[in-house]
Each structure stands twice: as C-alpha cells, then as structure tokens.
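Fold and geometry: a report
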Amino acid sequence: MSKQKNSLIDKAAQKVTYFGVALVVAVATLTPLLLSPRANAAQITGRKLTIGSGVPSAVTTYAFDFTVPTTGTIVKSLAADACTTAVGTCTTPSGFSVTGVTLTGQPTGLGDASGWTVNTSTTGSLRLANSSDATTPSGAQHVSFSGVTNPSTVNTSFFLRITTYSDGSWTTPIDTGTTASAVVQTLTVNAAVAEVLNFCVGSTTVNDATSSPGADCTAIGGTSLNIGTLDTGSTNVSPVNTNGGDNKNGVAMIRTNAASGAVVSYDSIQQSGTNQLGTLRISGANCNASSSTLTDQCIRAKGTTQGTIAAGTENFGMTIGAVNCGSVSSYTCTFSSGAYNLQRDTNYDGNGTNTFTTDSGAVGGTTNQGYAWDDSGTAQNIASSASSTTKVIDDEAMILKFAATPSITTPFGLYAAQADFIAVPTY
Amino acid sequence: VKRAILCLVFILIFSLLATTDAFAQYVSPSYKAEETFFGSGGELDASSTGYKAQSSSGALGVDQVSGPINFIQGNQNFDVGPTTTVTAAFSSNVTTGDLLVVAVGGSNNATFSITDTQGNTYIKAKDVYNPSIGFTGYTSAIYYTVAKSSSADTVQAYNAASSGFMRLLIHEYSGANALDATSSNTGNSSTVDSGSAATNFAHELVFGWLASDNGVTSAGSGFTLRETAGSESTMDKEVTSKGSYNVTAPTSSSNWIGAMATFFESNGGAYSGFLTPNEPFLEMTVNTSSVNLGVLDSTAAKTGTATFNVRAYTSSGYTVASVSAPPKTSTGITLTPMSSQGASTVGTEQFGINLRANTSPTTFGADPTQQPDSTFAGGYAATGYDTANQYKYNQGDVIAQTVTGGWGLTTYTISYIGNISSITRAGSYSMTHDLVVVATY
C-alpha cells in the first residue's frame, strides 16, 4: 500500500516534472518569436542609399530608395539608424550626426504627399513622421535628408537600418531592411600651371587685322620703322613706302595666361636736349617749352587725347590700327566682330570702331583716324584685357600706326621718337 | 508520460510551424542569401545555417542556373562610311533580364562605346585589332549587357578613335546573363579562328564574331549563323560541358580576325568564397591620399594614378560615382574637364580620367582587377571610362560598377591626365576627389 502510494506520488511527481520540462521547452522556444520586435517585419527590397559625398565628416544629403513589401498598412513614421554593423547591437559610427538635419523634400511613395516632418532627437537615427498620414505606401519609396554629417573615420563602411512604423512614434514596426555606404580617405588631385607672359615689340609689313605678323614673339623682329620725309601737303601715316619710308608699321604682341588679364602701356623715352624730350624730335635739340612753337626742332606731340591730324599742322601721334588676330590659335579671335581680348584704350583706338584704319602712306587733308602721343615720359595705357570676359591673351598683336606732319616752319633734319612698351599681367 | 510526450510533440510541431518561413528560405532553390539577412530575429540563424549548407555541398563561387539558353532575336546594320556611329534596332521588344550581345566592327584601330535606348550599361567582353585587314586595319569587339526593362530597344555603336566604315550586329538571348570566358585571334588563312578559352561552367553559350578580307558568311561546324553585316558574321552554339572552346568559320584565304565570348546564367548570388562575407556587405577603400600631376605643360601631357577597392555583397550590384567638380584654383578657375570621351591632346586644356591600363600619352594605369577572379567579383569600369587611352570627366558620372550583381573585391586604378593650352590660366589647381559608392540590396 505504502509502495503503491509512493508509486502514485512518484507518478504525480513525474507528470509535474515532464509538464514542467515541456513548459520550459515551449517557453524557451516561443519566447524569442513572440517577443522579438521584428518577428512580423518583412524585408524591404531594392534598398539603396545615395550619399552626396563620401568625404569623412562632410555635411551632405542621404537619399534612400527602397520598396516596402507591406503595402496595405499606412506608414506613419520611419527611422534609419546608422550603425557600425549590419546586424546585432547598433553602435552609431563615430562622427555621424543628425544635428541640423532637414528633409530635402517630402518623401514619395511612402504615403501622403505632405505632412512629413523630420525628427532629430535620437542620436544616430534619421527619422521622419506623419501621424496623420492616411495613405498606404505604393510603388517605390524615396526619402531624402539634408544636412547629415558623415562618419569621421576614413575608409569605413556603415549601415543604415531602415524600419517603417504604423504609428507616429517609431514604436510598432512594419517592415525593415538595411543598406550600406562608406566614407573614404580624402583623395586630393593637384596640378599647377606656371605663369606665362610673352610680350614683344617690333616692326612689321602687316597692315591689316588678319594677316599674322609672326606665329608668336619669336617671329617678331625689328627695332624701328621709318615714315619717310615729311611734307606739309600730307600727313605721313605708317606704313609709308614713298619718300624714304620703309613700308612698316609697329607691332606689339602679347600672350599671357594671367587670370586677371594684362595692361599694355608705353612711355616716351626722354631724349637729350631741352623741352619736348619725348616727342618726334632732333636728338640734342633745344626746343621751346611751349609745344605750340612751330619753329623748333621738335614736332609737336598730339597729346594724351586722340584726335585727327591735318596736313601741314605740325603733329606727331600714334594709334592702334587693329588688334590683329592672325596668330591666335587658342580661341576664336576676329577683330572685325569685336571678338578679341585685348581692348584698346579709347585714346588709341583710331575712331573707336573695329574697322582697320584706312590711313596709310601720305594722307592729304585730315586723317580719318585719331592719334595721340604723350611726350612726358609718363606711362600711358594703350590696351588692356582686364575688362574682357576672357582675360587671357593668345598672341594678339597690336598694329601700331604712327603719323606725323610738319608745319612750313619746321626745321629740316632727322627726327626720331623712342618709347618703351610695358606689359603688366595680373595673375 | 504519454501526455507529457504528446505535449512536447505538440509544442515542437508548433515551434516548427512557427519557423517554417525561415526554414523554407534556405532549402528553397530560389534562395538568395542576402534576402534573409535582415528578416526577423529568428531568421538570422536560419540564413547562417543555409549559407554553411551551401558551402558544404561544394557549390563554391557564383551559382549557375541550368535552364536552356535560347536565341530570341537579332538584327544588324552597317555603314560604309566614313562614319563614327551606326545603329540597329531589335524588331520586337526585348525582355527584362535577357542577355543582349553586341558585335561591333570598324576600320582602323577603333575605340568603341555602346549605348542603347533603354539606358543599359554595356561591358566590353573582348576586342581585337588586325592592322593587316583592308587598307586601314579592322577592329572587332563584343559587348554585352542585361536588359533592364521589357521594351523596344535600339543600340548605337560609337567609334571615338576615327571615322570609317562600321558594322553592328545585335542579339538577344534568354537563359544567360553573365560573362565567363573570352578569346581573340588574328591570322591569314582559309579558316577564321577566334582562339580558344576554357569555360568554367557546364552550361554556356559560346558566341563568335568573325571577319576577314574575303568575308565570313557561313558558320563553322556545330555553330549556328546568327547575323551577317556586310560580309562579316556572328554565330553561336550552346554547350553543356566545361571545356576549351573556340569558334571557327570558313573563308577564302585572306587576313582575318575573330573574337569569342562565353556566357552563362548566374542567379546573382554568391554562396561562398573567402572574399564573400556572410552578411550584407559594402566596403570601399581609397588607397591613395594625393595625386600630383605637377606643373602642367602645353607641350606634354601629365599623368597620375590612384587606386581604390570596392568589396561588396549585394543582390543588385553597386555603382561608384565621382561627384567632385574638376580641379580648380582658389579663385574658382576650373581646369576644363573632358565632357566627352577622347584622347589626350597636347596643347588643348583637358582634365580626364579612365579606369584602364593605358599606353597613351604614356604607359600608366591598370585595368580593374577582380579577386580572386571575375567569377567572384563583378566590378568593371563604367561606360565612358572603360576604354584604354580614352579619357573623360563629368562631375557626377558613374565611373565603376557591377552589371548583374555585386560581390567580391575589385581593385580599380584611376588614371588621370592633365593638358593645358598656351593660355590656360596660371595657378594651383586642386580637386578633392569625392567618390561615392551606392549599393542596392
């Protein structure tokens, strides 16, 4: 009896034990499934994160594209948690920050077309919500954040774990999926372009705006030009091929890669003698202080303001007949259409048009173009590319035309004028 | 005891039912490892188990799907030139996921690029040049892509190197989507021979593109003639065992040129391999901190290189975009980028890059290298940046990418060139080369 009782007690104890074991097994098996917050979450597909920059710590855009599988449930919030790993405990990548993040625009395909707001209160989590969303997601989804700070560690991958929620407070998940991106070492590409200035002055037989006076400065030569024997019946304008003239113009060619352009000027060389030292004169002559005197051995300089010259009215001047484009190869250069970079000063542009000056040889009456010459030795700007849209200059050549006429009292003799030409580039 | 056992059995059955979805995923033939990685918490262990099971079965490398490979349609066009472009349209809509194989040929030492109206990205499988053909030589190339949509498609070939005559032959196949082996050959005889290459999978498409001075208008033994443009032809055959294959065809004795590419069907998943991790993965590393092209010269091009690696494990591949503005000075003057693909031209202001091994303006750079080989890693130079000695730079362009999936490790070498004109503005030019990788999972 006692044994039977003990046996019943043992059987009862065994039942309790078996049931307990079974219960433990059941609880152990089902608990993870029942308690896992992602147990019912489905896989988001087509997940893609496009960051605006892969530079560490850059503040940039994060654009997510994906497709949620659950299209029958309204999404009221979304979170993209930045993590150092794709799975497991999420650790925010060093340097990643959502401070100052805004929505680049309202998301598309996620629900309502408007009403979504960003939430930056959770470290390492890009969040948006729309508690009043009443539209189920459809098609592909696009969500873009601006002002996201990249992780700071170079050559590091990081993962954005995306979760959609059916409530507006990121509590009840619907779907989830992870995408990845990387910030990489900064790669700097460097190159240098050396400063270039090729400037030369010489003489040329070219007397138009299109014929090349030489491919570049290496082909420019000559240190003088001769406008022949002056006569009161005309104004000799270079090139002069009669009365001893050498049929040449002056030329000044420039090439520079100065980003801010270049300015070309001249200053008349002060010759020996007295007064009017920089004009067309007989070297060593004693001229009058007043340039209006017509009996000394100095031909009156036209001055700093251009003007025409009348035959027999003593004057000496210079103008830029044209900006010659014949040697330009790096860009379209056409003087007649105004397509050139070296702009003439208004006192040395003849008549202000882009027509090559028609004055040439012995010009009777009054010249067609204006001329100027400053005999003081002070630098006078004659051209500049600083105001051009494209300030660099590729072998543009100024055709320098010189003009002179004597008065009936101008003494005979050998007259000469000299000038320094200077180019000043600004890089 | 019986009750306890019944209770346990019931609970265990219930537990198994509760995990059936996860379990099914790693025994299903259509299983893709990456799809389970971010499922529910219970699925993570399941995917891990499934991954190991695939490895232990010996299914190393890219998985091959062994369905039939069918020729769907083809077309051709040719232009006696001189021309730099030729187009050909598929007469019917192509189907999403189908393999599009393009054979292109042209006079001179041509550098081709292929585009189509669907916007597919074409990858060069093989090209070959025979300077003895015709008066100017002849270049043949095979390109391929996978159709991104089911719609009409017109293909255009462009020859960036020179103007001459061009041939374009287009083909659509189902049942193949990835490149395996390639070969090319030139010669002078009565048999055109593409040269041999060994395939890595049992079931493949062997595609040949053959030309000669006296024409190739019939296929060799075992091959089916597909398209003939002018007097040059494509042909193919389906093979069912691994081996060494070549494509041959008869011709009247003359100079000839041949190229072959073999294709197989990949399901886009990598199940093993020591470079493939057991989780979604993306890693990009730039190995170079600076590239100095030095003082640029209007009489000689300056060059430099940098390398970066992309190691990925994605279902739909990745792209690498160059998002930086071209080099500029502190005052904002930009070194003119090469907006379209072209050769280095001394004396012309140019900034360009490619991802190829180059021989002009000097020998520098390197082709992308896939590790351990191209069956594991699928990274290539993107269109516009994929031709040796041709350079380009457009801010935002994709410069590297995968085609049918993204896995494994690919090392890319960026080749930079800089040229200036006689009036390129003086100064120090600099660019922080910002590379952005975008993977789709």
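Cut-off values and rules
Residues numbered from 1 in each chain as written. Chains lettered and ligands numbered in written order. Predicted model: local features only at pLDDT ≥ 70, side-chain atom pairs only at ≥ 80, totals over all residues. Heavy atoms only, no water. Helix = DSSP H or I, 4+ residues; strand = E, 2+ residues; numbered from the N terminus. Buried < 20%, exposed > 50% of the residue type's maximum accessible area, 1.4 Å probe, protein only. Contact = heavy atoms within 4.5 Å. Areas by Shrake-Rupley, 256 points an atom, 1.4 Å probe, with all protein chains shown as cover. Pairing = 2+ DSSP bridges. Axes fitted to C-alpha atoms, helices over the stretch in contact; angles between N-to-C directions. Disulfide = S-S within 2.5 Å. Salt bridge = Lys/Arg side-chain N within 4 Å of Asp/Glu carboxyl O. Core = buried A, V, L, I, M, F, W, Y, C linked by side-chain atoms within 4.5 Å. pLDDT = per-residue confidence, 0-100. Phe/Tyr/Trp six-rings, centres within 6.5 Å; stacked < 30°, edge-to-face > 60°.

**Things to note about the overall build of chain A**
Counting its secondary structure elements, chain A contains one helix and 25 strands. Sorting the 427 residues of chain A into buried and exposed places 47% on the buried side. Of the contacts made within chain A by residues no fewer than 6 positions apart, 72% connect residues no fewer than 24 positions apart.

**Considerations on the overall build of chain B**
Each helix and strand in chain B was counted, giving four helices and 28 strands. A burial count over chain B gives 55% of its 441 residues as buried. Considering only contacts in chain B between residues 6 or more positions apart, those separated by 24 or more positions represent 79%. Accessible surface, chain B: about 16100 Å² in total, of which carbon and sulfur atoms supply 50%.

**Some details on the sheet that holds strand 3 (residues 85–89) of chain B**
Residues and elements named next belong to chain B. Strand order in the open sheet made by the three strands is 3-8-5, with antiparallel pairing throughout. If you trace the sheet from one side to the other, it starts and ends with strand 3 and strand 5 (112–116), each paired once. When strand polarity is set aside, the average angle formed by the axes of neighbouring strands in this sheet is 20°. Judged from the five bridges that link them, strand 3 and strand 8 (residues 154–159) form a sheet pairing that is antiparallel. The residue bridging V86 from the neighbouring strand is A157, located in strand 8.

**Considerations on the state of the cysteines**
All names here are of chain A. Going through the model one piece at a time under the given rule, you end up with four disulfides over all chains. With a sulfur-sulfur separation of 2.0 Å, C83 is cross-linked through a disulfide to C90. Its S-S torsion of about -100° marks the bond between C83 and C90 as left-handed, since a negative value means left-handed. Judged by relative accessible area, which is 0%, C83 ranks as buried.

**Looking at the pattern of salt bridges**
One pass over the full model with this rule turns up seven salt bridges over all chains. D394(A) is the partner of R255(A) in a salt bridge, and the nearest nitrogen-oxygen pair spans 3.5 Å. Of the two residues, R255(A) sits in strand 14 (residues 249–256) while D394(A) sits in strand 24 (residues 393–405), which places them 139 residues apart along the sequence. Side by side, R255(A) and D394(A) carry an identical accessibility label, which is buried. Where K392(B) meets D397(B), a salt bridge forms, and the shortest distance between an N and an O atom there is 3.7 Å. Residue classification places K392(B) among the buried positions, given a relative accessible area of 17%.

**Looking at the nonpolar core**
Within the largest apolar cluster, 51 residues are counted, with the highest numbers of intra-cluster contacts made by M318(A), I382(A), M398(A) and L400(A). Listed by contribution, the elements that provide at least two residues to this core are strand 14, strand 15 (262–268), strand 17 (298–299), strand 19 (315–324), strand 22 (371–373), strand 23 (380–384), strand 24 and strand 25 (419–425) of chain A. When near neighbours in sequence (up to four residues on either side) are disregarded, M398(A) contacts G250(A), V251(A), A252(A), V264(A), I320(A), A322(A), L342(A), I382(A) and A383(A). One finds V310(B), V320(B), Y416(B) and Y429(B) within the second-largest nonpolar core, a separate group that totals 42 residues.

**Side note on the sheet that holds strand 2 (residues 45–51) of chain A**
Residue and element names in this part refer to chain A. If you trace the four strands from one edge of the open sheet to the other, you get 2-3-8-5, paired in antiparallel fashion. With partners counted over all chains shown, the strands left at the sheet margins are strand 2 and strand 5 (102–103), one partner each. Here strand 5 pairs with strand 8 (residues 141–149) via two bridges, running antiparallel. Note that in strand 8 the partner of T102 across the bridge is S146.

**Some details on the confidence of the model for chain B**
All names here are of chain B. On average, residues of chain B score 80 in pLDDT, and 79% of them are at 70 or above. Here helix 4 (residues 41–56) stands out as the least confident element of chain B, with mean pLDDT 25; strand 22 (residues 350–354) is the most confident, with 98. Long-range and interchain partners of residues 6–64, a stretch whose pLDDT sits below 50, account for 92 contacts in this model, where long-range means more than four residues apart. For residues 268–278, every residue scores under 50 in pLDDT, and the model assigns this stretch 37 contacts once sequence neighbours within four places are set aside. Taken over the whole predicted complex, pTM reads 0.62, whereas the ipTM for its chain interfaces reads 0.76.

**What about the environment of T73(A)?**
Mapped onto the elements of the fold, T73(A) is located in the loop between strand 3 (59–67) and strand 4 (77–83). Once you skip the residues sitting within four places of it in the chain, T73(A) turns out to touch T136(A), P137(A), S166(A) and I174(A).

**A word on unusual backbone geometry**
The omega torsion across S238(A) and P239(A) is 0°, close enough to zero to call that bond cis. Here the amide bond leading from G81(B) into P82(B) is cis, since omega sits at 0°, within 30 degrees of zero. Within the secondary structure layout, P82(B) lies in strand 2 (residues 70–83). In this structure, Q276(A) takes a positive phi of about 45° despite not being glycine. Looking at the element boundaries, Q276(A) is found in the loop between strand 15 and strand 16 (280–281).

**Notes on the pairing of strand 11 (residues 187–193) of chain A**
What you see with strand 11 of chain A is a clean split: L187(A), V189(A), A191(A) and V193(A) sit on the buried side and T188(A), N190(A) and A192(A) on the side with no burial. In the sheet, strand 11 of chain A pairs with strand 27 (residues 427–433) of chain B via seven bridges, with the strands oriented antiparallel. The partner of T188(A) across the bridge, within strand 27 of chain B, is T432(B). The sheet contact formed by strand 11 of chain A and strand 19 (residues 290–296) of chain B spans five bridges and is parallel. If you follow V189(A) over to strand 19 of chain B, its bridge partner there is V291(B).

**Digging into the packing of aromatic side chains**
For any pair of aromatic rings, the description rests on two quantities: the centre-to-centre distance and the angle between the ring planes. All names here are of chain A. According to the stated counting rule, one finds 18 aromatic pairs over all chains in the structure shown. Summarising the aromatic geometry, the rings of Y266 and F421 are spaced 6.1 Å apart at their centres and angled 35° between planes, so their arrangement reads as tilted. Of this pair, Y266 sits in strand 15 while F421 sits in strand 25, placing them 155 residues apart in sequence. Each member of the pair, Y266 as well as F421, carries the same accessibility label: buried. In textbook terms, an aromatic cluster arises when at least three aromatic residues are bridged by ring pairs, as seen for Y266, F316, Y348, W373, F402 and F421.

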